[in-house]
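For reference, the chains in residue letters:
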Amino acid sequence: MRKINLTFTLNGKPYDIEANPGARMIDVIRDDLGLTGTKEGCSVGECGACTVILNGDAVASCMVLAGSMQGADILTIEAMSELKLGNLLQESFVEEDAVQCGFCTPGFIMSAYALLKKNPDATRQEIREGVAGNLCRCTGYIQIVNAIENAAHHMREE
Amino acid sequence: MLKFRDYIRVESKAEYEKAIASIEGPVLLLAGGSDLLVQARQDDRYEDHTVVDIFGIEELRTIEDTEGHLVIGACVTHEAIAQSLLVNRYAPILAEAALSVGSVQIRNHSSIGGNLANASPAADTLAPLAVLNAEVVILKDGIESVVPLAEIFEGPYKTNLGDRDLIVSVRVPKLSADVRHDYTKVGRRKALSISRMTIATLLQTDENGVVTRFDMTMGATFPCPMTFPDISAMLVGKRPTKEDISEVARALSAKIPEIAGIRASTRYKQPVCRRLSVRILQELIGDEQHA
Ligand SMILES: Cc1cc2nc3c(=O)[nH]c(=O)nc-3n(C[C@@H](O)[C@@H](O)[C@H](O)COP(=O)(O)OP(=O)(O)OC[C@H]3O[C@@H](n4cnc5c(N)ncnc54)[C@H](O)[C@@H]3O)c2cc1C
Ligand code: FES
Ligand code: FES
C-alpha cells in the first residue's frame, strides 16, 4: 500500500511523517513515534487505555485510522507533566491512590484532561460519565473519580 | 494493520466526486471508522478496496436550521449531535439517543451517517429518526436526492446504497416545543454496549389533553427501522385512559413476533416492551391521564 504523508502537531511539536494508511493512530504513536505511554488494551474501543486527545476531543486511538491525524493537534500522556492541569491530575492520582497496576492510568488522565478543559466545573456525575469509556480492573473507580474531582478543585483554586 | 488497496482523503464534496470517478475497483467510504475498524480487523475483506476518507469534508460537518428541518451533515459526530443546541431544541430525542452511543471517546469519532450506513438493527439513531420522520439526502451518480429514511434499508447490515453512493445529510423535521419525548434503552452492558432494545416515543397533546401526535417504535428489535401508523391511530384524537395505554403496549409488543418472527429473544423482549411502554406512556401523558 502506498504510504501517506501526515503533518500534525503532537504534544506541541510539529511532525511531518510518512505513515501506512492502514495503521491506526495508536500504531503511529507507539510504533512510528516511539511514544509508549499510550496503552493498548482491548483494541476494540471498549477499555479506553488508548485514549488520546485529538483536536481537543478524547478519542480511542485504537479506533481511529492514521489519516485522521492529518493537520490535527494531538496530545498524549507524555505531554501531561508539562501542562498545569496534566500535572495536577498526575499528582492527584497518586495522592488519592487511584493507581494500582497503572495500565489504565494514562487513558483515565487523558479522558479527565479533555473533560476538565471543556468543563472545569464538572460535577461528580459528569466526571463519572466523562470516564465511563475507561475501564480499570484494579481500583473501585471511587479513588479515580476522587482524584479527578480533586484536580479540578485545585485547578479552580489557582 | 488494516489492509486495503489504497487510501485517499478528500476535503470537499467536489473532491469526493472527482476521487470516486477516477478510482478503479471497489470503494470503501470511511467516516469515523468505529464500525469499519472493528469489521476490517476480522479478515482481509477490504484488501482490494480503495478507502475514501470523507471524515474531513467540512460540508458534511454542519447542522443547518432551515425553515422546517434540521439538516444534519452525515459526518457530524454523535457527541456534536448530543451537545448541539439546535438538536436539543428541535429534535431532543435524537440528542438523547446520540448521547447514549458508546463512550465519549467513541462519540467524538463516529458519525450519524456511519450509524445509518452500517445499518445495524441496534444502531441508536434509527428508532428516533424513524419516529421523527427523517429523510436522508443521497449523492448518487452526481445527483442529490431526498429519500425517506426507511427506504435505504434492505435488512440487517444491508442498505441499497452502492459503494460510491454518499449519504450527504439527514433531514429531520423540526418538532414544536410541546412535543414530549422519551428514549429508553435497555440491556446495556457497562456504558458502552450496543443496546438490546430501545423504545422511541413522541407524544403531543392539545390543551384539553387530547392526543394530537403519537409515534412509538422500537430499535434493536426489527431488521430495519419501522414506524406504525396503526399504533399511532390508537391514541390520536383521544384523551388516553389506562386501558388505552395497556392496549397500545400490547399492540406494540405484538409487533415483535409479527415482524421479527419468534426467536429466542422474543420471550424476553415482548414482556419487557409491554411493561416499559406502559411506564413510558404513563409518564408522558402524566397528570392528564384519565381514569
Ligand atoms: C466501543 C463501541 C461502542 C459502540 N456503542 C454504540 C452504541 O451504543 N450505539 C450505537 O448505535 N452504535 C454504537 N457503536 C457503533 C457506532 O460507533 C457506529 O455505528 C457509528 O455511528 C458509525 O459511524 P462511523 O463514522 O464510525 O462509521 P464508519 O465506521 O466510518 O463507517 C460505517 C459504515 O458506513 C459507511 N459510511 C460511513 N459514512 C457514510 C456516508 N456518509 N455515506 C455512505 N456510507 C457511509 C462506511 O462505508 C461503513 O460501511 C459503538 C462502536 C464501538 C466501537
Ligand atoms: S485499546 Fe483502545 S479502547 Fe481499548
Ligand atoms: S490500576 Fe490496574 S487497571 Fe486500573
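Please read these numbers as outputs of a predicted model, since none were measured by experiment.

Student: I tried to follow the domain arrangement of chain A on my own but got confused; where do I start?
Tutor: Interface size, as often reported, equals the accessible area lost upon joining of the parts. Residue and element names in this part refer to chain A. Assigned domains of chain A: these are domain 1 (4-78) and domain 2 (80-157). Computed over C-alpha atoms only, the centres of domain 1 and domain 2 are separated by 20 Å. Each partner contributes to the interface: domain 1 provides 17 residues, whereas domain 2 provides 16 residues. Between domain 1 and domain 2 the total buried area reaches about 1,300 Å² when both faces are included, carbon and sulfur atoms providing 64% of it. Among the residues of domain 1 in contact with domain 2, T51, I53 and I77 are the three that bury the most area, contributing 34% of the side total. Between domain 1 and domain 2 we count one salt bridge in total. We note a salt bridge from K118 to D57, for which the minimum N-O separation is 2.5 Å. Remark: the boundary between domain 1 and domain 2 carries five residue pairs in polar contact (both at pLDDT 80 or more). Grouping the amino acids of the side of domain 1 that touches domain 2 by side-chain chemistry returns six nonpolar, six polar and five charged.

Student: Honestly, the domain arrangement of chain B in this entry has me stumped. Any pointers?
Tutor: All names here are of chain B. Domain boundaries in chain B define domain 1 (6-53), domain 2 (58-173) and domain 3 (180-285). Inter-centroid distance (C-alpha atoms) of domain 2 to domain 3 is 22 Å. Contact with domain 2, which involves 24 residues of that partner, is made by 26 residues of domain 3. For the pair domain 2 and domain 3, the summed buried surface comes to about 1,800 Å²; carbon and sulfur atoms form 65% of the total. On the surface where domain 2 and domain 3 come into contact, there are one salt bridge.

What counts, and at which threshold
- Residues numbered from 1 in each chain as written.
- Chains lettered and ligands numbered in written order.
- Predicted model: local features only at pLDDT ≥ 70, side-chain atom pairs only at ≥ 80, totals over all residues.
- Heavy atoms only, no water.
- Domains from an automatic or database assignment.
- Contact = heavy atoms within 4.5 Å.
- Buried area = accessible area lost by both parts, 1.4 Å probe.
- Salt bridge = Lys/Arg side-chain N within 4 Å of Asp/Glu carboxyl O.
- Polar contact = N/O pair within 3.5 Å; in protein donor to acceptor, adjacent residues only side chain to side chain.
- Nonpolar A, V, L, I, M, F, W, Y, C, P; charged D, E, K, R; others polar.

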